[in-house]
Amino acid sequence: MERLPFKPEGYNFWTWRGHKIHYVVQGEGSPVVLIHGFGASAFHWRYNIPELAKRYKVYAVDLLGFGWSEKAIIEYDAMVWKDQIVDFLKEIVKEPAVLVGNSLGGFAALVAAVGLPDQVTGVALLNSAGQFGDARKESNQSEESTLQKVFLKPLKEIFQRIVLGFLFWQAKQPARIVSVLKSVYINSSNVDDYLVESITRPAADPNAAEVYYRLMTRFMLNQSKYTLDSVLSKLSCPLLLLWGDLDPWVGSAKATRIKEFYPNTTLVNFQAGHCPHDEVPELVNKALMDWLSTVKPQASLQVL
């Protein structure tokens, strides 16, 4: 298959809130914006960009803290990436678009679509992150005691930094990356040097370890703050689910539940793992383009 050339220096850059954001753009036509998952980058769409660009103007953006985008030292939260995608649509794309996201990028696509409904004509999710809320579980956190604030919290942070520092060092080793990828790619033939370098190169950035620490302690442990049902209840555009049924992390039951909750959903299943767009790109490209042909474009957005 045709593949996006790997460029160690990256493709295009945009300054957002003082931070450097990397993105790829190819083709002409109605815009489609691709959003990668945790630890990945625009290069993870290597087999999708060239094919989609034959009919559409395709953008693939690196979320802040990932890929070739800046490793900013900020408090990471799903709303940070929502704001980034919303502003990317306003400032770079400048017309109605379809958002396509894998894993973490899927949830970012959903919250961005809710945040800017007039400019998002459809959303496609590939094994998306996000959890359904538990109506029976009430958030009832008591105020922190002086002991917790002064003694226990600093000790916990020191311990977390030591453990996560080691885990980050381990996680960025090429052999470890290959091992993890092979556990989520049912067919690992596309787990190659290109893919591994697209993950290891950003991990060598000076601030990468600190970003990893913040993501693991602030974001990953607080995902229940924003639930799929609360976001889907505000969605107003067509939804496509491209789901790898053999994903060991995000099973097919989630796709079924999303479709039951949000009726304006098309579900296409694949015998693939967590990243079907890179594992079975021919099948994903066909299903995505078939669905894109049914999405009605909206009138051009008036950029304020």
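All of these numbers come straight from a predicted model, not from anything done at the bench.

Mapped onto the elements of the fold, aspartate 83 is located in helix H2 (residues 78-93). Looking at aspartate 83, the relative accessible area reads 23%, which means it is partly exposed. Expressed as a C-alpha distance, the spacing of aspartate 83 and alanine 108, which sit 25 residues apart in the sequence, is 9.2 Å. Not counting the four nearest positions on each side in its chain, aspartate 83 is found in contact with Trp16 and Arg17.

For the rest of this paragraph, the subject is the packing of aromatic side chains. The full count for this structure, using the stated rule, is 14 aromatic pairs. A ring pair is formed by phenylalanine 43 and tyrosine 194, whose centres lie 6.3 Å apart and whose planes are at 75°; its orientation type is edge-to-face. Placement of phenylalanine 43 in the loop between strand E3 (31-35) and helix H1 (49-52) and of tyrosine 194 in helix H6 (residues 193-203) is noted, with a sequence separation of 151 residues between them. On the accessibility criterion, phenylalanine 43 (0% relative accessible area) is buried. Members of the aromatic cluster, joined through ring pairs, are Phe6, Tyr11, Phe43, Trp68 and Tyr194. We note lysine 20 situated over the ring of phenylalanine 13; from NZ or CZ to the ring centre the distance is 4.8 Å. Positioned above the aromatic ring of phenylalanine 132 is the side chain of arginine 257, whose terminal nitrogen or guanidinium carbon lies 4.2 Å from the ring centre.

Looking at where serine 69 falls in the secondary structure, it is placed in the loop between strand E4 (57-61) and H2. Within the local environment of serine 69, its side chain forms a polar contact with the backbone nitrogen of histidine 22, the two atoms lying 3.0 Å apart. A distance of 2.7 Å separates a polar side-chain atom of serine 69 from the backbone oxygen of aspartate 62. Not counting residues up to four positions away in its chain, the partners in contact with serine 69 are Lys20, Ile21, His22, Asp62, Leu63 and Leu64.

The next thing to look at is the environment of glutamate 2. If you trace the backbone, glutamate 2 turns up in the segment before strand E1 (12-16). In the structure, glutamate 2 is positioned 45 residues away from tyrosine 47 in sequence and 6.4 Å away in space, judged by C-alpha atoms. Setting aside its immediate chain neighbours within four residues, glutamate 2 contacts Arg46, Tyr47, Pro50 and Lys54.

Before going further, it helps to spend a moment on the sheet that holds strand E2 (residues 19-26). Ordered by their spatial adjacency, eight strands build an open sheet running E1-E2-E4-E3-E5-E6-E7-E8, and the pairing between neighbours is mixed. The sheet terminates laterally at E1 and strand E8 (265-270), the two strands that pair on one side only. The sheet shows a mean angle of 20° between the axes of neighbouring strands, taken without regard to direction. Two strands pair when backbone bridges link them, and E3 and strand E5 (residues 97-102) are joined in this way by four bridges, in the parallel orientation. Bridge pairing links leucine 34 to valine 100 in E5. Seen against the sheet, helix H3 (residues 104-115) touches E3, E5, strand E6 (120-126) and strand E7 (239-244) and runs at an angle of roughly 150° to E5. Strand contacts of helix H11 (residues 281-292): E3, E5, E6, E7 and E8, with the helix running at about 170° to E7, the strand carrying the most contacts.

Averaged over all residues, the pLDDT of the chain is 87; the fraction at 70 or higher stands at 83%. Per-residue pLDDT stays below 50 along residues 138-144; that stretch engages in three contacts with residues further than four places along the chain or on separate chains.

Thresholds, definitions, all that
- Residues numbered from 1 in each chain as written.
- Predicted model: local features only at pLDDT ≥ 70, side-chain atom pairs only at ≥ 80, totals over all residues.
- Heavy atoms only, no water.
- Helix = DSSP H or I, 4+ residues; strand = E, 2+ residues; numbered from the N terminus.
- Buried < 20%, exposed > 50% of the residue type's maximum accessible area, 1.4 Å probe, protein only.
- Contact = heavy atoms within 4.5 Å.
- Phe/Tyr/Trp six-rings, centres within 6.5 Å; stacked < 30°, edge-to-face > 60°.
- Lys NZ or Arg CZ within 6 Å of the ring centre and 35° of its normal.
- Polar contact = N/O pair within 3.5 Å; in protein donor to acceptor, adjacent residues only side chain to side chain.
- Pairing = 2+ DSSP bridges.
- Axes fitted to C-alpha atoms, helices over the stretch in contact; angles between N-to-C directions.
- pLDDT = per-residue confidence, 0-100.

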